[in-house]
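Working through the structure, step by step
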Amino acid sequence: KSILVSCPQENVSTKFLAPYTTFSRIHQKSITCLDISSGGGLGVSTSTDGTMKIWQAANGEIRRLLEGHVYDVNCCRFFPSGLVVLSGGMDAQLKIWSAEDASCAVTFKGHKGGILDTAIVDRGRNVLSCSRDGTARLWDCGKSACLGVIADCGCPVNGIAVGAADNSLNLGMPEKAPSDREVGTEGKILLVAREDKKLQGVGLQSRQPVFLFIGSDAFNCCAFLSSTYILAGTQDGNIYQLDVRNTKAPIQVIHRSGAPVLSLLPYRDGFIASQGN
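All values reported here derive from a predicted model rather than from experimental measurement. (Residues numbered from 1 in each chain as written. Predicted model: local features only at pLDDT ≥ 70, side-chain atom pairs only at ≥ 80, totals over all residues. Heavy atoms only, no water.)

Here's the deal with the overall build of the chain
- Within the chain, the regular secondary structure consists of zero helices and 24 strands.
- Taking all 277 residues of the chain together, the buried fraction comes to 46%.
- The contacts in the chain between residues at least 6 apart in sequence include a share of 41% that link residues at least 24 apart.
- For the chain, the computed accessible surface area is about 14400 Å², with 49% contributed by carbon and sulfur atoms.
- When the 27 basic and 25 acidic side-chain charges of the chain are each reduced to a single mean position, those positions are 2 Å apart. (Helix = DSSP H or I, 4+ residues; strand = E, 2+ residues; numbered from the N terminus. Buried < 20%, exposed > 50% of the residue type's maximum accessible area, 1.4 Å probe, protein only. Contact = heavy atoms within 4.5 Å. Areas by Shrake-Rupley, 256 points an atom, 1.4 Å probe, with all protein chains shown as cover. Lys, Arg positive; Asp, Glu negative; His and termini not counted. Charge placed at Lys NZ, Arg CZ, Asp CG, Glu CD.)

In structure tokens form, the structure reads like this:
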């Protein structure tokens, strides 16, 4: 089930694992994004074949086809309830779907370019999106309205992540009192992975910049390991681990190959990274 390749002189080794299940019938072409529901029962995925599907995680049986985006769907994720899906596409639209009957309950419009990533605040009364138009936006699901532009970067924003900030961090004060439709934004920081080689931290409620870190290439993705430690991956294959309290120098830079780092996911005491090779 596994093969270990090592080079003792260089003190490096890599273990390759065989998949224990393969679902080959869900999509016809490359899978661009996927997520598993919190209970583990359902998967949702998008593909370059132009489809977005919900399937049984146990056996890959297709349950629902989610149709309504024009052009490619770039990102999809379950809400914490596991009953609702959030998606973003090249049509600059963000949509909320019922996993039970595949109906589209809400469509958010406001971005001027394709949506590249999303994030959900707490239980999902507010959601976040980022786009090729250079902005990251906060949305109110109940009224399907944009609550504000959290960051305007002047270059595509490839990835975002939201997390609770370390207590010692100064997130800044909002210029005006937040809307009462904003739920759960206090004490949170938004990570913004930018095409211009910058990783930015922004106070979610304050909209104020918290830090700016310059990397070796365009940042594709970012994730929280904890309230203090964050990860970000670049197009030239670097994974940066940073401490949000002091981003002047990374804690470590992991470089396994020059292939783009496409996604990062905390897992147990470490994390999983996917690369374009």
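Back to the text.
Quick look at a nonpolar patch on the surface
- On the surface, Ile-3, Val-5 and Phe-16 cluster together into a nonpolar patch covering about 300 Å² of accessible area.
- Relative accessible area serves as the criterion here: at 45%, Val-5 is assigned to the partly exposed category. (Patch = residues over 30% accessible without salt bridge, like charges linked within 9 Å, V, L, I, M, F, W, Y side chains within 5 Å. Salt bridge = Lys/Arg side-chain N within 4 Å of Asp/Glu carboxyl O.)

As for the sheet that holds strand 7 (residues 73-78)
- With antiparallel pairing, four strands are arranged side by side in an open sheet as 7-8-9-10. Each edge of the sheet is formed by a strand with only one pairing partner; in this case those strands are strand 7 and strand 10 (104-108). Pairwise comparison of adjacent strand axes, ignoring direction, gives a mean angle of 20° for this sheet. (Pairing = 2+ DSSP bridges. Axes fitted to C-alpha atoms, helices over the stretch in contact; angles between N-to-C directions.)

Thoughts on the pairing of strand 1 (residues 2-7)
- With six bridges joining them, strand 1 and strand 2 (residues 12-17) adopt antiparallel strand pairing. If you follow Ile-3 over to strand 2, its bridge partner there is Phe-16.
- Counted between consecutive antiparallel strands, the loop separating strand 1 from strand 2 contains four residues, among which Asn-11 sits at a positive phi close to 60°.

Brief notes about the nonpolar core
- Of all hydrophobic cores here, the largest spans 25 residues; its most connected members are Val-44, Leu-66, Phe-108 and Val-127.
- Counting only elements with at least two residues in this core, the list comes to strand 4 (42-47), strand 5 (52-56), strand 7, strand 8 (84-89), strand 9 (94-98), strand 10 and strand 11 (115-121).
- Sort the elements by how many residues they give to this core and strand 7 lands first, with four residues.
- When residues no more than four places from it in sequence are discounted, the contact partners of Val-127 are Phe-79, Leu-86, Leu-94, Phe-108, Ala-119, Ile-120, Arg-137, Leu-138, Trp-139 and Cys-141.
- Counting residues in each nonpolar core, the second largest holds 18 residues, with Leu-191, Ala-193, Ala-232 and Leu-242 among its members. (Core = buried A, V, L, I, M, F, W, Y, C linked by side-chain atoms within 4.5 Å.)

Some thoughts on the environment of Leu-190
- Looking at the element boundaries, Leu-190 is found in strand 16 (residues 188-194).
- Excluding its chain neighbours within four sequence positions, the residues that come into contact with Leu-190 are Leu-128, Ala-136, Ile-150, Ile-160, Ala-161, Val-162, Gln-200, Gly-201 and Val-202.

Quick word on the sheet that holds strand 15 (residues 157-164)
- The four strands are arranged 15-16-17-18 in an open sheet whose pairing can be described as antiparallel. The strands lining the two open edges of the sheet, one partner per strand, are strand 15 and strand 18 (209-214). For this sheet, the mean inter-axis angle between neighbouring strands, taken without regard to orientation, is 15°.
- Sheet analysis places strand 16 next to strand 17 (residues 198-203), joined by five bridges and oriented antiparallel. Paired with Val-192 across the two strands is Gln-200, which belongs to strand 17.

Function cannot be inferred from these measures alone, as they are strictly geometric.
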